[in-house]
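A look at the structure
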Amino acid sequence: MYLFRHRRRIVIGPPAIAVLITVAGCSSADDTASAAVPSPSAKVTKLCRDLDKVLPSKVDGESRHDPDPASALTAGWGGPAIILRCGVGQPPKMIDPKVAEGADPDAVAGGVNGVDWLMEKQDGGGSRFTTANRSVYVEVTVPKGTDSSGALIDLAPAVKKAIPEGIAD
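Rules used throughout
- Residues numbered from 1 in each chain as written.
- Predicted model: local features only at pLDDT ≥ 70, side-chain atom pairs only at ≥ 80, totals over all residues.
- Heavy atoms only, no water.
- Core = buried A, V, L, I, M, F, W, Y, C linked by side-chain atoms within 4.5 Å.
- Buried < 20%, exposed > 50% of the residue type's maximum accessible area, 1.4 Å probe, protein only.
- Helix = DSSP H or I, 4+ residues; strand = E, 2+ residues; numbered from the N terminus.
- Contact = heavy atoms within 4.5 Å.
- Disulfide = S-S within 2.5 Å.
- Salt bridge = Lys/Arg side-chain N within 4 Å of Asp/Glu carboxyl O.
- Expected span 1.5 Å × (residues − 1).
- Bend = angle between axes of the 7 residues up to and from the residue.

Brief notes about the nonpolar core
With 29 residues, the main nonpolar core has Leu51, Leu55, Trp77, Leu84, Cys86, Val140 and Ile163 as its most contacted residues. For this core, the secondary structure elements donating two or more residues are α2 (42-54), β3 (74-77), β4 (82-86), β6 (115-121), β8 (138-142) and α4 (148-162). Setting aside anything within four residues of it in sequence, one finds Leu51 in contact with Leu84, Cys86, Val138, Ala158, Val159, Ala162 and Ile163.

Structure, rendered in structure tokens:
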């Protein structure tokens, strides 16, 4: 009886290792959204932090899951995420006379529960809303297929409480 058996050794060459690393690096078990963090003045940052403290735990029935990187200037709900960014710059369409006249099909001014918003259609079917007539610009991005009115209704009380009416810097 022969006690020693030959074992076959499997050799993985450099191309195969590269493929394995690439596949492992591209797969993700984490569906966390990401959002660019604004960099406003200290005064605006304070107001945004105040807003973060009073934001609801649910928006349009979706639980809060903040985007990466973590910041008091950003918040998110659901997946695909409704994203809020506080302290953003003034959108160019906000001063476009065609929007004020109602002549721009991609941007509409309006209000929800005492908060004025500029609505802009986005590529891919979503919408971006930016507060108007508030001392800080707050942007809310709503993905395609999400009830934007529900999101704005849920966010309006927090915006009214933390961001005073006025002209943003």
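A word on the state of the cysteines
A full pass over the atoms with the stated rule returns one disulfide. Here Cys48 pairs with Cys86 through a disulfide, and the sulfurs are 2.1 Å apart. On the S-S bond that ties Cys48 to Cys86, the torsion sits near -80°, and the link is left-handed. Of this pair, Cys48 sits in helix α2 while Cys86 is found in strand β4, placing the two residues 38 residues apart along the sequence.

Examining the pattern of salt bridges
All chains considered together, the criterion is met by six salt bridges. In this structure, the salt-bridge partner of Lys46 is Asp50, at a minimum N-O distance of 3.0 Å. In this pair, Lys46 and Asp50 are both assigned in helix α2, four residues apart and thus about one turn of the helix distant. Residues Arg64 and Asp52 are paired through a salt bridge, measuring 2.5 Å at the closest nitrogen-oxygen approach. Of this pair, Arg64 sits in the loop between β2 (62-63) and β3 while Asp52 sits in helix α2, placing them twelve residues apart in sequence.

Section: α4
Its 15 residues give α4 an end-to-end C-alpha distance of 21 Å, which sits within 8% of 21 Å, the value for a rise of 1.5 Å per residue. The sharpest bend along α4 comes to roughly 35°, located at Leu155, with the proline Pro157 sitting one to four residues further on. Within α4, the full set of buried residues consists of Gly150, Ala151, Leu152, Leu155, Ala156, Ala158, Val159 and Ala162.

Overview of unusual backbone geometry
Cis geometry marks the peptide bond from Asp68 to Pro69; its omega dihedral reads -10°. Tracing the chain through its elements places Pro69 in the loop between β2 and β3. Phi at Asp60 is positive, roughly 50°, even though this residue is not glycine. Checked against the element boundaries, Asp60 lands in the loop between β1 (58-59) and β2. One non-glycine residue, Asn133, lies in the positive phi region at around 60°. With respect to the secondary-structure elements, Asn133 resides in the loop between β7 (127-132) and β8.

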